[in-house]
Amino acid sequence: MEEKQQHMIKISVRNLVEFILRSGNIDSSSVGVADKEAMLKGSKLHRKLQRRMGSEYTAEYPLALEVPVTYENNSFIIKVEGRADGVLLKQEDEHTPGVYIDEIKGVYLDVTKLEEPIAVHLAQAKCYAYMYATLKKEKRMGVRMTYANLESEVTKFFEQTYELQELTAWFDHLINEYAKWANFQIQWQEERNRSIKEMEFPFTYREGQKKLVTGVYQTILREKRLYIEAPTGVGKTISTVFPTVKAMGEGLVSKIFYLTAKTITRTVALDTFAILKEAGTKLKTVTLTAKEKICCLDSVNCSPESCERALGHFDRVNDAVYDLITHEMTISREVIEQYAADYNVCPFEMGLDVSLWVDAIVCDYNYAFDPSASLKRFFQNEKKQDYVFLIDEAHNLVDRAREMYSATLKKEDFLLVKNIIGERSNKLSRYLESCNRDLLTMKRESEEYMIRKDIDNFILHLLRLSSEYYEFLREYQSFDQREIVLNFYFELQQFLNMHDLFNDKYLAYTDFTSQREFIIRLQCMDPSTNLNACLEKGRSAIFFSATLLPINYYKEQLAGRKDDYAIYADSIFQSEKRLLVIGNDVSTKYTRRTKSEYEKIATYIEQVALQKLGNYLVFFPSYQYMNQILEVFEERKTAGESKLIDSIFAQSTAMTELEKEEFLNRFAHEPDISCLGFCVMGGIFSEGIDLKADRLIGSIIVGTGLPMVCTEKEIFRNYYEERNGQGFAYSYLYNGMNKVLQSGGRVIRTEEDQGVIVLLDQRFLTDSYQELFPREWFPYAIANQHTIAQTVKDFWDKRTHPEDLT
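Cut-offs used in this document
- Within every chain, residues take consecutive numbers counted from 1 along the sequence as written.
- Given that the model is predicted, a residue must reach a pLDDT of at least 70 before its local features are reported, and side-chain atom pairs must reach 80 or more before they are shown or counted; all residues, however, enter totals for whole chains, interfaces and linings.
- Side-chain numbers here rest on the full set of heavy atoms in the structure, without hydrogens or water.
- Pairs of strands are assigned from DSSP output, requiring at least two bridges between the strands.
- The helix count covers DSSP runs of H or I at least four residues long, the strand count covers runs of E at least two residues long, and both are numbered beginning at the N terminus.
- The criterion used for residue contact is that any of the two residues' heavy atoms lie within 4.5 Å.
- To get an axis, fit a line to the C-alpha atoms, keeping to the stretch in contact for a helix; angles then go from 0 to 180 degrees between the N-to-C directions.
- Here, nonpolar core means buried Ala, Val, Leu, Ile, Met, Phe, Trp, Tyr and Cys residues that are tied together by side-chain atoms lying within 4.5 Å of each other.
- Relative accessibility under 20% of the residue-type maximum defines a buried residue, over 50% an exposed one, and the middle range a partly exposed one, all with a 1.4 Å probe and only protein chains included.
- Here a salt bridge means any side-chain nitrogen of Lys or Arg lying within 4 Å of a carboxyl oxygen belonging to Asp or Glu.
- To sort the angles, those under 35 degrees are grouped as roughly parallel, those over 145 as roughly antiparallel, those from 65 to 115 as roughly perpendicular, and the leftovers as oblique.
- Each crossing gets its handedness from the near helix: less than a right angle anticlockwise from the far helix is left-handed, clockwise is right-handed.
- Residues are grouped as follows: Ala, Val, Leu, Ile, Met, Phe, Trp, Tyr, Cys and Pro are nonpolar; Asp, Glu, Lys and Arg are charged; all remaining types, including Gly, are polar.

## Considering the sheet that holds strand β13 (residues 407-410)
Inference 1: The strand order across the open sheet formed by four strands is β13-β16-β15-β14, and the pairing between neighbours is antiparallel. One side of each edge strand has no neighbouring strand; the edge strands of this open sheet are β13 and β14 (450-451).
Inference 2: Where β13 and strand β16 (residues 518-524) come together, four bridges link them in antiparallel fashion. Among the inter-strand pairings, T408 is bridged to a residue of β16, identified as R521.
Inference 3: Against the sheet, helix α16 (residues 426-445) contacts β14, β15 (506-512) and β16, and its axis sits at roughly 90° relative to β16.

Right under this line is the structure:
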């Protein structure tokens, strides 16, 4: 009889010691900077120090040890693995071991003031020492901790000697502490995988949907990336989640990251996972919430002096996490808040810890891609894992990623911080003034924006400032306006970190804000290289959206490779249920923004709404344009020509959640009177809202959605014009058309829906726009202000008398 293969749980040395041995308080104020800031620069310094160590030194020494474990009558193997920063051979004598494990830590601390190694750092080195000794049959091991300041590169060493017996007892205790967690993981995965094997697609496949599901599965199997253009109603969420869960059950996927840009799409994802769970599939999911939203305090202050939960948080949090993951399947914000309250721990940090033990994480893009916010638990190591990234509404990621990988500093902030610190540090004041002078020189060279080819001297001055700034924050823990000083430090670090990524896909430029403040900006022009570095840490990525056109543009910007895939999912809707009509005698061009043009637009809106009682959304290029049309309707009411204004309600700037909800509630089922919602294209009502059936029967889109001409857009235009001759398309056209497609997509949400989409701009009839139309927008009708009423009436008459369709 064949012996059953033992289960194996893999964990890195770093994750093991940081998880089991952590203790004490959350205290972001004690130093004023997070570990991730040091991590971004540490690898460069590591390599530099390693090269200096000589011939008896082996850098990046790989070690892996399989440890047999029995816990509650279950036998399994814990495989501990990692890379020691270095293995140093020495001449052995009675005082000196023959082999030392070298653990290098790049820090912002003044290393000369360190009196002993930090406990968790030493623990990593001891792990490697035990693993090396066990594998190489060494009786005694040396451990050397090498601390190096990231700015000055000053180093300090701590050396200790351990007998194998001592290391063995210490390591065994560490493994025994971790055993219950590994046992939970094995038992849960067995239960989960059994349920997944029985899982079937929860709906009857729509036309083309099986092809989509198969495409996602094959993409995961082949470790590729897939870009899906799928019209609303195709069922793209279930079509991506289902095959990914199937692949998880077959051992191809270790973690699912469902990444979204907005809360509303997060809800759709959670509903989809819930459908699978209700059908019997065992899955643990967690929703991650931003720190500012889930924090118990009115404003975030992660220090034991300000928050009682921060005090001793790490002493209690592992018990809280274990309790939660062994009792809950759907781990929502509310569930995390309840357990965090029961154990008196930080809900944000607890949520991040929980993410290690679940099958799927539903969260914002920045948890995977933003270097200042990504989950270091998963992405700090270079080693590739079997993660799958499901990226919803992927068209949003282009602009979001460009912003994530960009950074700005304002000249005035250097002087503000200098004034706040006063006489506390003359040295820091001098360094702030030095950077200010650099910017002053640049300011005098330009009256508007200027591309900067050489900012090396400024960067050197920033590096010097950064090191002194860090020491200042460590020394001065509390003073008036410290938060302003701390926030500027983070902006400074972001700028330096982005400069480390600077390449031919970036531009540096200076400019003036609308308040005439002088800024210097590192602008990411093409995020593909940076996104690729993140995606390489996983197995596959699935990008999907109803508006991923042109798909080659999105593949290029979102790290598509030559052998990656793209799918265009056909619409399941009958074209007869939808009228798309283009107005050929109007335009929102700036040269056409006249009273007579506003009158024409208002006539179109009125004539469309008069043909059938119902709910309509009207999208405008700006609030200013929307107000011009509202004025026309007010004038018509005053003149006794139209009362349509009484049916109109308009979006306002900075609407609260309650105001947004009240706006959408006006779109009633079977309305007694027509209702027209005036909105701004690209705003909160352009995507992510779901008004099904007769809650919305028409979408009127005024203009092509082109962004306003501004410095940043012109910089993009010039950059891509030089690069590929498509400057206007990359900076204006694609962005505008995406907003148009999103606005048009509000009408048809289900197979039963019917309605009209009216495009009010004659530019939609040109080839450059027609090439960006989705397939389901053909055929279309053409009308003018005199024929629009009859065109729409004929459509509704046929819908009222469907026998006329035959």
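## Considering the nonpolar core
Inference 1: One finds Y178, F369, I391 and L462 to be the most contacted residues of the largest nonpolar core, which totals 196 residues.
Inference 2: Examining the composition of this core, we find that eleven residues originate from one element, helix α4 (residues 164-197), more than from any other.
Inference 3: In this structure, L462 is in contact with L409, F414, C435, L492, F495 and L496, ignoring residues within four places of it in sequence.
Inference 4: M626, I697, I788 and F795 belong to the second largest nonpolar core, which has 35 residues in total.

## Considering the sheet that holds strand β8 (residues 255-260)
Inference 1: Spatially, β10-β9-β11-β8-β12-β17-β7-β18 is the arrangement adopted by the eight strands of the open sheet, whose pairing is parallel. Edge positions in the sheet fall to β10 (330-331) and β18 (565-568), since each has one partner strand and no second.
Inference 2: The sheet contact formed by strand β7 (residues 225-229) and β18 spans four bridges and is parallel. Bridging across to β18, E229 finds its partner in Y568.
Inference 3: Each of β7, β12 (387-392), β17 (540-545) and β18 touches helix α5 (residues 209-221); the most contacted strand, β7, lies at about 160° to it.

## A word on the pattern of salt bridges
Inference 1: Within this structure, the stated rule accounts for 40 salt bridges.
Inference 2: When the shortest N-O distance is used, the salt bridge between E223 and R539 registers 3.9 Å. Residue E223 is found in the loop between α5 and β7, and its partner R539 is found in the loop between α19 (528-535) and β17; the two are separated by 316 residues along the sequence.
Inference 3: The exposure class assigned to R539 is buried, which follows from its relative accessible area of 10%.
Inference 4: Residues E597 and R592 are paired through a salt bridge, measuring 3.2 Å at the closest nitrogen-oxygen approach.
Inference 5: Accessibility expressed as a relative area gives 23% for R592, which makes it partly exposed.
Inference 6: Residues joined in a network through salt bridges with shared partners are R22, E349, D353 and R377.

## Looking at unusual backbone geometry
Inference 1: Across the junction of L549 and P550, the peptide omega takes the value -5°, indicating a cis bond.
Inference 2: In this fold, P550 is placed in the loop between β17 and α20 (551-557).
Inference 3: Each neighbour pair has its own omega, and for F778 with P779 the value is -5°, a cis peptide bond.
Inference 4: Backbone geometry places E223, a non-glycine residue, at a positive phi of 60°.
Inference 5: Not every positive phi belongs to a glycine, and E393 is a case in point at roughly 45°.
Inference 6: Mapped onto the secondary structure, E393 falls in the loop between β12 and α14 (395-404).

## Topic: the packing of helix α15 (residues 411-421) against helix α18 (residues 482-501)
Inference 1: At their nearest, the axes of α15 and α18 sit 10 Å apart, and the two run at 140° to each other. The orientation of α15 with respect to α18, classified from their angle, is oblique. The hand of the α15/α18 crossing is left-handed. Residues D413, F414, L416, V417, I420 and I421 of α15 touch α18, and the partners they reach there are I484, V485, F488 and E491.
Inference 2: A breakdown of the residues in the contact of α15 with α18 according to their chemical character gives eight nonpolar, no polar and two charged.

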